[in-house]
Amino acid sequence: MSDYPKTPVTDVDLAEYDDEYVQNEVNEEQFESIPDGKYQAQVEAVELTRTMKGDPMLKWTLKVVGPNHAGRKLWRNNVMASPENRSWLKKDLYACGLRLERLSELPANLDRLLDIRLEVTKKTRRGDDGKEYESVFINKRLKTAEEALAESDNTNDALSRF
């Protein structure tokens, strides 16, 4: 239950924000598509939802961290409508380092995908209908400096026995 009154927005006087609104700058480029290519991105959000047809879907929000277009967003949707779709989902989860015994374990493990860094590829293709469709593919997980250091420490410990 919300603590906010159920006042329609049309009944709210927005005039108090007019000066601020006029001063706000808008960068038109922020609405253009990011060019096709490889990007480093961080998983900002991931949620289980449904498509308009009702099929389950894992929806990813990725924030570009480099090498170009930092701060821009990319989206990936893993629709689970077919065995092939679910195979792609499993490959994406493995690329992220998330190994599940069963797909039903995914909801309880979504938080493990947050904030990880990935290399992704964005591709645009023209459909038979003449429209452009953008796809984002997960290539691999990128290790943070801390993860790489911890891994090298573990390797050194294993080698020190010899």
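Everything that follows concerns the structure shown earlier in this document.
A. Summary view of the environment of W75. Mapped onto the secondary structure, W75 falls in strand β3 (residues 73-79). By relative accessible area, which is 52% here, W75 ends up exposed. Linking W75 and T61, residues 14 residues apart in sequence, is a C-alpha distance of 4.9 Å. In contact with W75, not counting residues within four places along its chain, are W60, T61 and V136.

B. Structural detail: helix α2 (residues 83-95). Between the first and last C-alpha of α2 there are 18 Å, a value that for 13 residues agrees with the 18 Å anticipated at 1.5 Å per step. At its buried positions, α2 is contacted by β2 (56-66), β3, α3 (106-109) and β5 (132-142). Downstream of α2 by a residue or two, G97 has a phi angle that is positive, lying close to 90°.

C. Spotlight on a nonpolar patch on the surface. A surface patch of nonpolar side chains, amounting to about 280 Å² of accessible area, comprises V12, L14 and Y17. Take Y17: it is sitting in the segment before α1 (18-23). What makes Y17 partly exposed here is its relative accessible area of 43%.

D. Fine view of the layout of surface pockets. By volume, the largest pocket is sized at about 660 Å³. Sorting the residues of the lining of the largest pocket by element identifies β3, α2, β4 (117-126) and β5 as the ones contributing at least two each. Element by element, the count of residues in the lining of the largest pocket is highest for β3, at seven residues. In terms of residue class, the lining of the largest pocket is built from nine nonpolar, seven polar and eight charged.

E. Up close: the sheet that holds strand β1 (residues 37-50). In space, the five strands of this open sheet follow the order β3-β2-β1-β4-β5, with antiparallel pairing throughout. With partners counted over all chains shown, the strands left at the sheet margins are β3 and β5, one partner each. The average angle at which neighbouring strand axes cross in this sheet is 40°, direction not considered. Where β1 lies against β4, six bridges are found, and the strand directions are antiparallel. If you follow Y39 over to β4, its bridge partner there is V120.

F. Up close: the pairing of β1. Sheet analysis places β1 next to β2, joined by ten bridges and oriented antiparallel. Opposite V46, over in β2, you have W60 as the bridge partner. Following β1, the chain reverses through five residues before pairing antiparallel with β2; G54 in that reversal takes a positive phi of roughly 100°.

G. Seen up close, the pattern of salt bridges. Under the counting rule described, the total for this entry stands at five salt bridges. Two residues, K73 and E44, come together in a salt bridge whose shortest N-O distance is 2.5 Å. Remark: E44 occurs in strand β1 and K73 occurs in strand β3; sequence separation between them is 29 residues. Residue K73 is classed as partly exposed on the basis of its relative accessible area of 32%.

H. A look at the environment of G71. Residue position: G71 is located in the loop between β2 and β3. G71 sits in the partly exposed class, given a relative accessible area of 39%. Along the chain, G71 and Q42 lie 29 residues apart, while their C-alpha atoms are 9.8 Å from each other. Once residues lying within four places of it in the same chain are set aside, the contact partners of G71 are K63 and V64.

Reading the values: the criteria
Residues numbered from 1 in each chain as written. Predicted model: local features only at pLDDT ≥ 70, side-chain atom pairs only at ≥ 80, totals over all residues. Heavy atoms only, no water. Helix = DSSP H or I, 4+ residues; strand = E, 2+ residues; numbered from the N terminus. Buried < 20%, exposed > 50% of the residue type's maximum accessible area, 1.4 Å probe, protein only. Contact = heavy atoms within 4.5 Å. Expected span 1.5 Å × (residues − 1). Patch = residues over 30% accessible without salt bridge, like charges linked within 9 Å, V, L, I, M, F, W, Y side chains within 5 Å. Areas by Shrake-Rupley, 256 points an atom, 1.4 Å probe, with all protein chains shown as cover. Salt bridge = Lys/Arg side-chain N within 4 Å of Asp/Glu carboxyl O. 1 Å grid on protein atoms, 1.4 Å probe; cavity = no way out; pocket = protein on both sides within 12 Å on 5 of 7 lines; lining within 4 Å. Points joined across faces, edges and corners; volume = space filled by probe spheres on them. Nonpolar A, V, L, I, M, F, W, Y, C, P; charged D, E, K, R; others polar. Pairing = 2+ DSSP bridges. Axes fitted to C-alpha atoms, helices over the stretch in contact; angles between N-to-C directions.

Just geometry here; none of it tells us what the structure is for.
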